[in-house]
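Structural description and commentary
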Amino acid sequence: MFGEDLAEVYDMVYRARGQDFDKEAALVTEIVRSRRPDARSLLDVGCGTGEHLVAFARSFPSVTGIDLAAPMLAVAERKLPPGTVRRADMRDVDLGRTYDAVVSLSTAVAYLPSLADFRAALARMVAHLAPAGVLVIEPWYFPENYLDGYVAGDLIRHDGYTVSRVSHSREQDGVTVIESHWAVANRDGIRHFTETHLFQLWTREQYASEFAHAGLAAEYLSGVQAGRGLFVAHRRGEHAAAGPVGHAAGRADAGTGERR
Ligand SMILES: C[S@@+](CC[C@H](N)C(=O)[O-])C[C@H]1O[C@@H](n2cnc3c(N)ncnc32)[C@H](O)[C@@H]1O
């Protein structure tokens, strides 16, 4: 999972499949600023190849990313100033400082194997949250809006690469299993690989219960990002005024699992 083969083509493939990293970062920035107008620092948990961080760095003077996958971080390091990203597990990360905003996007938290792991990761996110800081988490689909058996297929031609990807999504014991088969061709030849990604299909109530356990007041903005919505949270009892967020209205769309 998230090996060198995938990391090499990740940005081009997900952009071609419709992911607009700049737009997503702009929405998250708007949400953070509506609650914490003076926010200057941001931590991206499970930052992957750093595409959101590049955009966040235009709005926040201090940005940091952490991720578990060295090949993804190697791509991020090529785009960002030295020291911006670090290899760490979100369940036990300790950067020794806090941030005005802590975010985790493209459903990175749903890769955690259990709610106990999510609880541990949330505790670390809270530990890195400055007073009146804002936490933004993109969940995986909830069971009621996940579409089982979804098949996706893409053919992408970009920058000397031709990539074909087919995927199949199935639910198994409360977990979404997405298997994808890839063929990547460029002037060096053709490589094939497969990836199997497991996403915890937690209910909205299970997320809510974990936020409450972490001492957070959380709201859910439906219909944003890829339709999976965003949880926005702050420490209970702290003032974090929620201003209007332009794009944050909408319904919880049916989830296809398509984009991952
Ligand atoms: C779908 S990718 C999203 C990457 C990035 N947030 C984006 O939007 O492009 C999920 C990322 O979560 C990372 N991840 C999964 N489990 C993790 C963990 N326990 N600690 C840190 N990162 C983790 C993976 O390595 C991967 O880069």
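These figures come from a predicted structure and were not determined experimentally. (Residues numbered from 1 in each chain as written. Predicted model: local features only at pLDDT ≥ 70, side-chain atom pairs only at ≥ 80, totals over all residues.)

Overview of the overall build of the protein
- Within the protein, the secondary structure is distributed over 6 helices and 11 strands.
- In summary, the protein has a C-alpha radius of gyration of 18 Å against a globular reference of 18 Å for 260 residues, a match within 12%.
- Here the protein, with 260 residues, has 38% of them falling under the buried criterion.
- Long-range pairs, those at least 24 residues apart, make up 67% of the contacts in the protein with a sequence separation of at least 6. (Helix = DSSP H or I, 4+ residues; strand = E, 2+ residues; numbered from the N terminus. Rg over C-alpha atoms; globule rule 2.2 N^0.38 Å. Buried ≥ 20, exposed ≤ 12 C-beta atoms within 10 Å, placed from the backbone. Contact = placed C-beta atoms within 7 Å.)

With respect to the site of the ligand
- Taken together, 20 residues sit near the ligand, with Gly46, Gly48, Ala69, Ser106 and Ala108 positioned nearest.
- Tallied by class, residues from the shell around the ligand come to 11 nonpolar, 4 polar and 5 charged. (Near = placed C-beta within 6 Å. Nonpolar A, V, L, I, M, F, W, Y, C, P; charged D, E, K, R; others polar.)

Considerations on the sheet that holds strand 6 (residues 151–158)
- What the 4 strands build is an open sheet, ordered 6-7-8-9; its pairing is antiparallel. In this open sheet, the two edge strands, each paired with only one partner strand, are strand 6 and strand 9 (189–200). Geometrically, the sheet is characterised by an average inter-axis angle of 15° between neighbouring strands, direction not taken into account.
- The pairing of strand 6 with strand 7 (residues 161–172) spans 8 bridges and is antiparallel. Across the sheet, the residue bridging to Leu155 is Ser164, located in strand 7.
- The sheet strands contacting helix 1 (residues 4–16) are strand 6, strand 7, strand 8 (175–186) and strand 9, and the helix crosses strand 6 at an angle near 95°. (Pairing = 2+ DSSP bridges. Axes fitted to C-alpha atoms, helices over the stretch in contact; angles between N-to-C directions.)

Some thoughts on the packing of helix 5 (residues 115–127) against helix 6 (residues 204–213)
- Taken N-terminus to C-terminus, the directions of helix 5 and helix 6 make an angle of 40°; their axes are 10 Å apart at the nearest point. As judged from the angle between their axes, helix 5 and helix 6 are oblique. Crossing hand, helix 5 versus helix 6: right-handed. When helix 5 is examined against helix 6, the residues Leu115, Phe118, Arg119 and Leu122 are found in contact with a partner set consisting of Gln206, Glu210 and His213. (Parallel < 35°, antiparallel > 145°, perpendicular 65-115°, else oblique. Left-handed = near helix turned anticlockwise from the far one by under 90°.)

Focus on the pairing of strand 4 (residues 99–104)
- The element strand 4 is extensively covered by neighbouring structure, given that 6 of its 6 residues are classed as buried.
- Looking at chain direction, strand 1 (residues 41–45) and strand 4 are connected through 3 bridges and run parallel. Bridged to Leu43 within strand 4 is Val102.

Overview of the domain arrangement of the protein
- What the domain assignment reports for the protein is domain 1 (4–142 + 201–235) and domain 2 (143–200).
- Look at where the C-alpha atoms of domain 1 and domain 2 centre, and you get two points 22 Å apart. (Domains from an automatic or database assignment.)

A look at the sheet that holds strand 2 (residues 62–67)
- Overall, mixed pairing links the 7 strands, which are arranged 3-2-1-4-5-11-10 in an open sheet. Strand pairing shows two members of the sheet lacking a second neighbour, strand 3 (85–87) and strand 10 (216–221), which therefore form its edges. Going across the sheet, the axis of each strand differs from the next one's by a mean of 20°, ignoring polarity.
- Relative to strand 3, strand 2 is paired through 3 bridges, and the arrangement is parallel.

A short note on the environment of Ser59
- With respect to the secondary-structure elements, Ser59 resides in the loop between helix 3 (51–56) and strand 2.
- Classification of Ser59 as partly exposed rests on a count of 18 C-beta atoms within 10 Å.
- Note: C-alpha distance between Ser59 and Thr29 (30 residues apart in sequence) is 7.6 Å.

Observations concerning helix 1
- Between its first and last C-alpha atoms helix 1 spans 19 Å; for 13 residues at 1.5 Å apiece the expected length is 18 Å, and the two agree.
- If you look at helix 1, its biggest bend is around 55°, right at Tyr10.
- Within the span of helix 1, buried status applies to Leu6, Val9, Val13 and Tyr14.
- Of the surrounding secondary structure, the elements contacted by the buried residues of helix 1 are strand 6, strand 7, strand 8 and strand 9.
- Directly beyond the C-terminal end of helix 1, a positive phi value near 110° is found at Gly18. (Expected span 1.5 Å × (residues − 1). Bend = angle between axes of the 7 residues up to and from the residue.)

Here we look at unusual backbone geometry
- The backbone of Phe2 sits at a positive phi, close to 55°, despite the residue not being glycine.
- With respect to the helices and strands, Phe2 occurs in the segment before helix 1.
- Residue Phe2 is classed as partly exposed on the basis of its 19 C-beta neighbours within 10 Å.
- Despite not being glycine, Thr107 has its phi angle at roughly 60°, a positive value.

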